[in-house]
Amino acid sequence: IVAEFTEKVNAEGDLQALEQIKAAYMGKKGPLTGILKNLRNLSPEEKSEVGQAANKAKTAMQEVMENRRQGIIRAQIDEKVASEWVDFTLDEDAEKIGALHPVSQMQYEIEDIFSGLGFTVQDGPHCELDFYNFEALNIPADHPARDMQDTFYFENGAILRTHTSAIQARAMERIKPPFKIIGPGKVFRVERLDASHEAAFHQLEGMVVDEDISVANLIHTMKTLLSEIFQKDIKVRLRPGYFPFVEPGFELDINCQICNGKGCSVCKQTGWLELMPCGMVHPNVLKAGGIDTEKFTGFAFGLGLDRLVMMRHKIEDIRHLHSGDLRFSSQFK
Ligand code: PHE
């Protein structure tokens, strides 16, 4: 009986079926119970011999039964673990969700504002030709203005663009006036690095060319833009500024939003920040872009995105922006 029982039990993989086997062999109607019931019909010697054997068999069967039961349960757990396996060794950082860099956030926001004003967004390469960065912008090879922007030169003569004005030089080849465009992007200059100077930073160029465009249009657009960005009226001042590609040219300063005009490291204690160089597009620039200067005039401006971001988040050092330090950038989700 024990051998037969053991064979059947060990062949079974289902807990319920196992209970049925147990009932059949060890239950009230099973062979073991029959033997024990029959004991009283036996002689005393037989009684003790058969009784002991039956009890031994019972113990053995219980053990076989319990082992199998544990075996089945363990197999079920193993299967569950295998199917629901989670790798707890994965780096938790992989679960962290990224976000746009604050400069990108600012760029996209300003793109939205200008899109609403009917501007289209233009692009251009970081690695630029001398022609688009200088030549087409009324900055000929011997022009002293080339000293204004200390440029990264490649050995083959290509450069890293020093301003997003290169984007407008390219755009004029693609699109014909009247047009309203912006060109955001990274620009590069050889700089002495400090709290307000980085070798790589961000500008957003704007250019409007149409009939009868005047300084009044320029000022109105700048004011609209600033009130949209800051969601309040911002104090500005306009100073004459010189850029070969505009005439007249201006520097538009805004009241430092970090110290509220009181003076801090970013505004060099002046209370003012140079934010938007701008001016009326020089006729030579329009001509280089194949535009009829008898018919069209235009204005252009360059906006420093990094400064805006620093003011919005009260960041005291521009070098944080390109640091790649997650302790910094994860604050702007
Ligand atoms: N391109 C100029 C610069 O990099 C800024 C500028 C743009 C000035 C447009 C006037 C008009 O500083």
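These numbers come from a predicted model, not from an experiment. Going along each chain's sequence as written, the residues are numbered from 1 onward. Selection of residues for local features in this predicted model requires a pLDDT of at least 70, selection of side-chain atom pairs for listing and counting requires 80 or more, and totals for whole chains, interfaces and linings are taken over all residues. Remark: hydrogens and water are excluded; side-chain values derive from all non-hydrogen atoms of the structure.

Moving on, we get to the overall build of the chain. Per the secondary structure count, the chain includes 11 helices and nine strands. Only protein chains enter the accessibility calculation, which uses a 1.4 Å probe; a residue whose area is less than 20% of its type maximum is buried, one above 50% is exposed, and one in between is partly exposed. Residues classed as buried in the chain amount to 42% of the 333 residues present. Long-range contacts, defined here as pairs at least 24 residues apart, represent 66% of the contacts in the chain between residues at least 6 apart. Using a 1.4 Å probe, accessible areas were evaluated by the Shrake-Rupley method; residue-level cover was limited to the displayed protein chains. Surface accessibility of the chain: about 18800 Å² in total, with carbon and sulfur atoms responsible for 52%. Per the convention used, a helix needs a DSSP run of H or I reaching at least four residues, while a strand needs a run of E reaching at least two, with both numbered from the N terminus. By definition in these notes, contact holds between two residues if any of their heavy atoms fall within 4.5 Å.

On the secondary structure map, Gly298 appears in strand β9 (residues 297-304). Sequence spacing of Gly298 and Gly279 is 19 residues, and the spatial spacing of their C-alpha atoms is 8.7 Å. Once residues within four sequence positions are removed from consideration, Gly298 is found in contact with Val208, Val209, Ile213, Gly279, Met280 and Val281.

Here, disulfide denotes a covalent bond that connects the sulfur atoms of two cysteines. Note on terminology: pairs of cysteine sulfur atoms within 2.5 Å are recorded as disulfides. This model, assessed by the stated rule, comprises zero disulfides. Counting only cysteine sulfurs, Cys256 is the nearest neighbor of Cys259, a cysteine outside any disulfide, at a range of 3.5 Å. Using a relative accessible area of 12% as the deciding quantity, one classes Cys259 as buried. Of the cysteine sulfurs around Cys267, a residue in no disulfide, the closest is that of Cys259, at 3.6 Å. The buried category is assigned to Cys267, whose relative accessible area is 2%.

Put simply, a salt bridge is a Lys or Arg side-chain nitrogen that is within 4 Å of an Asp or Glu carboxyl oxygen. Per the counting criterion, the structure on display carries eight salt bridges. Across the pair Asp253 and Arg239 runs a salt bridge whose closest N-O atoms are separated by 2.7 Å. Residue Asp253 is found in strand β7 (residues 246-255), and its partner Arg239 is found in strand β6 (residues 236-240); the two are separated by 14 residues along the sequence. On the basis of relative accessibility, which here comes to 1%, the residue Asp253 falls in the buried class. The exposure class of Arg239 is partly exposed, given its relative accessible area of 29%. Here the residues in one salt-bridge network are Arg237, Arg239, Asp253 and Glu274, joined through shared partners.

Residues Pro177 and Pro178 are joined by a peptide bond in cis, for which omega reads 5°. By the element assignment, Pro178 lies in the loop between α7 (165-174) and β4 (179-188). Of the consecutive residues Glu247 and Pro248, the connecting peptide bond is found in the cis state with omega at -5°. Positive phi values are uncommon outside glycine, yet Lys268 reaches one of about 55°. Looking at the secondary structure, you find Lys268 in the loop between β7 and β8 (272-281). Since its relative accessible area comes to 47%, Lys268 is described here as partly exposed.

Strands were regarded as paired on the criterion that DSSP finds at least two bridges between them. Taken in spatial order, the seven strands line up as β1-β4-β5-β9-β8-β7-β6 in an open sheet, and their pairing is mixed. The open sheet has two free edges, formed respectively by β1 (120-121) and β6, since each of these has just one partner strand. Here strand β5 (residues 200-210) pairs with β9 via eight bridges, running antiparallel. Counterpart to Val209 in the pairing with β9 is Gly298.

What follows covers a nonpolar patch on the surface. A cluster of nonpolar side chains, namely Ile77, Val81 and Trp85, defines an oily patch on the protein surface of about 350 Å² accessible area. Inspection of the secondary structure assignment puts Ile77 in helix α4 (residues 44-83). Exposure above 30% relative accessible area and the lack of any salt bridge qualify a residue for a patch; like charges then connect within 9 Å, and the nonpolar side chains Val, Leu, Ile, Met, Phe, Trp and Tyr within 5 Å.

Turning next to the environment of Ile97. Among the secondary structure elements, Ile97 is positioned in the loop between α4 and α5 (102-116). In sequence terms Ile97 and Lys333 are 236 residues apart; their C-alpha atoms lie 9.3 Å from each other.

Moving on, we get to the packing of helix α1 (residues 2-11) against helix α2 (residues 15-26). Across the interface, α1 lies against α2 with an axial gap of 10 Å and an inter-helix angle of 170°. Classified by the interaxial angle, the pair formed by α1 and α2 is roughly antiparallel. Contacts from Glu4, Phe5, Lys8 and Val9 of α1 reach α2 at Leu18, Ile21, Lys22, Tyr25 and Met26. Grouping the constituent residues of the contact of α1 with α2 by class yields six nonpolar, no polar and three charged. Axis definition: a line fitted to C-alpha atoms, limited for helices to the stretch in contact. Angles are taken between N-to-C directions and run from 0 to 180 degrees. Here the word oblique covers every angle except those under 35 degrees (roughly parallel), over 145 (roughly antiparallel) and from 65 to 115 (roughly perpendicular). Just so you know the grouping, Ala, Val, Leu, Ile, Met, Phe, Trp, Tyr, Cys and Pro go in nonpolar, Asp, Glu, Lys and Arg go in charged, and all remaining residues, Gly too, go in polar.

Here we come to the site of the ligand. Throughout, near means a residue has at least one heavy atom within 4 Å of the molecule or strand. The environment of the ligand is made up of 14 residues, and the closest members are His163, Ser165, Arg189, Gln203 and Glu205. Separating a nitrogen atom of the ligand from a side-chain N or O atom of His163 is a distance of 2.9 Å. Between the ligand and Gln203, the relevant distance is 3.0 Å, taken from an oxygen atom to a side-chain nitrogen or oxygen of the residue. Protein chains bury 96% of the 320 Å² of accessible surface belonging to the ligand in isolation. For the shell around the ligand, the secondary-structure elements that each account for two or more residues are β5, β8 and β9. In terms of residue count, the dominant contributor to the shell around the ligand is β9 (three residues). Here the residues of the shell around the ligand sort into seven nonpolar, five polar and two charged. Counting of polar contacts relies on pairs of N or O atoms within 3.5 Å, with two restrictions inside protein: one atom must be capable of donating a hydrogen and the other of accepting it, and residues adjacent in sequence are counted only when both atoms are side-chain atoms.

What is shown is where atoms sit, not what they do.
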